[in-house]
Amino acid sequence: MLSNIYVKVAPLLKDRELNSDVDSILNFLGKYKTKELLYPSALHRKLKIDIRVIYEVLEACVQIGIVEQYLEIYCPVCCRFTGQRFKHIEDIPEEVSCLNCGEEVMHPLKHAVVIYRVL
């Protein structure tokens, strides 16, 4: 990721009163490389920061073109991601097959999780 990410994202977050959490998130994001996936829940687990703050920072990164959103389907049977990602909601089919357990995920839109990919 860009080494000057803080310079680009910090002004967008200046008025939101997110305290030093932003610094921790941006430092952590600096370790990611182009095309790598960012899972907000992983950042939450690792940094122990409110998930809403993490999403707010990541959405600011979307606004300036550092990351892009994707939807990944979570299997309610085996509790793992199915391995299928979609760029838009309308791209999600009626049924998705889980690559881990082989079960069909009915109504996959209900099990879609927003993730991010580094540009």
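See the structure printed just above.
In this text the structure is predicted, and so the values were computed from the model without any measurement.

J.: Could you clarify how one ought to interpret the overall build of the chain in this entry?
T.: The number of helices and strands found in the chain is four helices and six strands. For the chain, the residues scored as buried account for 34% of the 119 residues in total. By sequence separation, contacts in the chain at least 24 residues apart represent 54% of the contacts at least 6 residues apart. For the chain, the accessible area works out to roughly 7200 Å², and carbon and sulfur atoms hold 51% of it.

J.: Help me understand the pattern of salt bridges, please; the structure alone is not making it clear to me.
T.: In a structure, side chains of opposite charge can pair up when their charged atoms sit close to one another. Going through the model one piece at a time under the given rule, you end up with four salt bridges. For Arg117, the salt bridge goes to Glu68, with nearest N and O atoms at 2.5 Å. Taken together, the residues span a long stretch of sequence, with Arg117 in strand β6 (residues 112-118) and Glu68 in strand β2 (residues 67-74) at a distance of 49 residues. A residue is classified by how much of its surface remains accessible, and Glu68, at 14% relative accessible area, is buried. Taking the shortest distance from any N to any O, the salt bridge between Glu72 and Arg85 comes out at 3.7 Å. Of this pair, Glu72 sits in strand β2 while Arg85 sits in strand β3 (residues 81-86), and the two are 13 residues apart along the sequence.

J.: Honestly, the environment of Glu94 in this entry has me stumped. Any pointers?
T.: Residue placement: Glu94 occurs in the loop between β3 and β4 (95-97). Here the alpha-carbon distance between Glu94 and Val105, two residues 11 residues apart in the chain, equals 8.8 Å.

J.: Just checking my understanding: could you explain the nonpolar core for this structure?
T.: Considering soluble globular proteins, one finds that nonpolar side chains tend to be buried as a cluster. Of all hydrophobic cores here, the largest spans 20 residues; its most connected members are Ile25, Leu29, Leu38, Leu43, Val57, Cys61 and Val67. Those elements giving two or more residues to this core turn out to be α2 (21-29), α4 (51-63) and β6. When residues of this core are assigned to their parent elements, the largest contribution, six residues, is made by α4. Formed by eight residues, the second largest nonpolar core is a distinct cluster that contains Leu71, Ile73, Ile92 and Cys98.

J.: What's the story with the packing of α2 against α4 in this structure? I'm lost.
T.: Helix packing geometry: the angle between the two helix axes and the distance between the axes. It is the contact of α2 with α4, at a shortest axis distance of 10 Å, that shows an interaxial angle of 60°. Classed by the angle they form, the pair α2 and α4 counts as oblique. Both α2 and α4 take part in a crossing whose hand is right-handed. Between α2 and α4, the contacting residues are Asp21, Val22, Ile25, Leu26 and Leu29 on the first element and Val53, Ile54, Val57, Leu58 and Cys61 on the second. Across the contact of α2 with α4, the residue classes break down as nine nonpolar, no polar and one charged.

Reading the values: the criteria
- Residues numbered from 1 in each chain as written.
- Predicted model: local features only at pLDDT ≥ 70, side-chain atom pairs only at ≥ 80, totals over all residues.
- Heavy atoms only, no water.
- Helix = DSSP H or I, 4+ residues; strand = E, 2+ residues; numbered from the N terminus.
- Buried < 20%, exposed > 50% of the residue type's maximum accessible area, 1.4 Å probe, protein only.
- Contact = heavy atoms within 4.5 Å.
- Areas by Shrake-Rupley, 256 points an atom, 1.4 Å probe, with all protein chains shown as cover.
- Salt bridge = Lys/Arg side-chain N within 4 Å of Asp/Glu carboxyl O.
- Core = buried A, V, L, I, M, F, W, Y, C linked by side-chain atoms within 4.5 Å.
- Axes fitted to C-alpha atoms, helices over the stretch in contact; angles between N-to-C directions.
- Parallel < 35°, antiparallel > 145°, perpendicular 65-115°, else oblique.
- Left-handed = near helix turned anticlockwise from the far one by under 90°.
- Nonpolar A, V, L, I, M, F, W, Y, C, P; charged D, E, K, R; others polar.

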